[in-house]
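# Descriptive structure summary
Listed below, chain by chain, are the residues.
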Amino acid sequence: MKKIIIALIIASTPLLMFAQQAVSTKVVNYGVRVMANLSQPVLHGIPRDIIASPTVGVEGGMFLDFNIGRQFFIRFNTLYGLQRSTLTMDGNACPLVAASVEIPVYAAWRFGNSHTGWGFVGVGPYTEFITWGRLTTADSRFNPYHHVIDVDATTGQETLAMSDSHSGFGAMVGYEIPCGFFVDATAQMSLTDLLAFDHGDGMWVRPLKLTVGLGWRF
């Protein structure tokens, strides 16, 4: 009986070594993230005196890591968020709220080891789609991303005040402990203008967002 057990152990050793190697060199990982954010539209060249300030919002979703070796990976995210900021117009504080779906992609580098944990940094593009919004002023409440400011009398084509999507670049930094939990922070700046009507080159609105959060990679 002992000889049979010893033979089984010897026979299974290559399989166990292969399984361990497969786990350590896993090509794809996935997980979840939850974050708090600070966001605001950065205003430039706006004729009216408007001051934008950030307010705390929340977001969360899933990510997928495509590992290129042990040090490099590409992280694909799908995040659902609620972003809040305040526009001060004529001395009145006007809350701006937006619900969004965001798709960031980061090319990242990790450093460390499986005993002490991994630090990681990354950069990459993102695109965000605003699914709902609300601006509350002193005398009205409306969705600025679907707000019509002009209608062509001939064609009937509508001109919106703001676009409901934008794209830009972001950066992330974080630290992951061996069990898969991690903390991270990101910064994103839009490279596209949110203003949807014809305007001068010196006038634009570009969202800026900072986040800090927790995640778990399975």
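Here the structure is shown first, and the text comes after it.
These numbers come from a predicted model, not from an experiment.

Time to look at the side chain of His166. In this fold, His166 is placed in strand S9 (residues 165-176). Side chain to side chain, His166 and Tyr126 meet in a polar contact 3.2 Å long. Each residue touching His166, except ones within four places of it in the same chain, is listed here: Tyr126, Thr127, Glu128, Ser190, Thr192, Leu194 and Pro207.

A full pass over the atoms with the stated rule returns seven aromatic pairs. With a centroid separation of 4.7 Å and an interplanar angle of 70°, the aromatic rings of Trp216 and Phe218 are classed as edge-to-face. Among the residues examined, Trp216 registers a relative accessible area of 36% and is labelled partly exposed. Residue Phe218 is classed as partly exposed on the basis of its relative accessible area of 36%. These aromatic residues form a ring-pair network of at least three members: Tyr30, Phe181, Trp216 and Phe218. Its end group placed over the ring of Phe63, Arg75 keeps NZ or CZ at 4.3 Å from the ring centre.

Tallied over the entire structure, the rule returns seven salt bridges. Residue Arg33 is joined to Asp184 by a salt bridge in which the shortest nitrogen-to-oxygen separation is 2.8 Å. Of the two residues, Arg33 sits in strand S1 (residues 28-44) while Asp184 sits in strand S10 (residues 181-190), which places them 151 residues apart along the sequence. You'll find Arg33 and Asp184 in the same group, each marked buried.

Calculation notes
- All residue numbers refer to positions counted from 1 along the written sequence of the respective chain.
- Only residues with pLDDT of at least 70 are given local features in this predicted model, and only at 80 or more are side-chain atom pairs given and counted; all residues enter the totals for whole chains, interfaces and linings.
- Working from all heavy atoms in the structure, the side-chain values ignore hydrogens and water.
- Each helix corresponds to a stretch of at least 4 residues labelled H or I by DSSP, and each strand to a stretch of at least 2 residues labelled E; elements are numbered beginning at the N terminus.
- N or O atoms within 3.5 Å of each other form a polar contact, as long as, within protein, one can give a hydrogen and the other can take it, and as long as residues adjacent in sequence are counted only when both atoms are side-chain atoms.
- We call two residues in contact when some of their heavy atoms are within 4.5 Å.
- Each Phe, Tyr or Trp ring, with Trp reduced to its six-membered ring, pairs with another whose centre is within 6.5 Å; inter-plane angles below 30 degrees give stacked pairs, above 60 give edge-to-face pairs, and intermediate values give tilted ones.
- In this scheme, a residue with accessible area under 20% of its type's maximum is buried, one over 50% is exposed, and one in between is partly exposed, where area comes from a 1.4 Å probe on protein chains only.
- In our convention, an over-ring charge means Lys NZ or Arg CZ found within 6 Å of a ring centre and within 35 degrees of that ring's normal.
- A carboxyl oxygen of Asp or Glu within 4 Å of a side-chain nitrogen of Lys or Arg is what we treat as a salt bridge.

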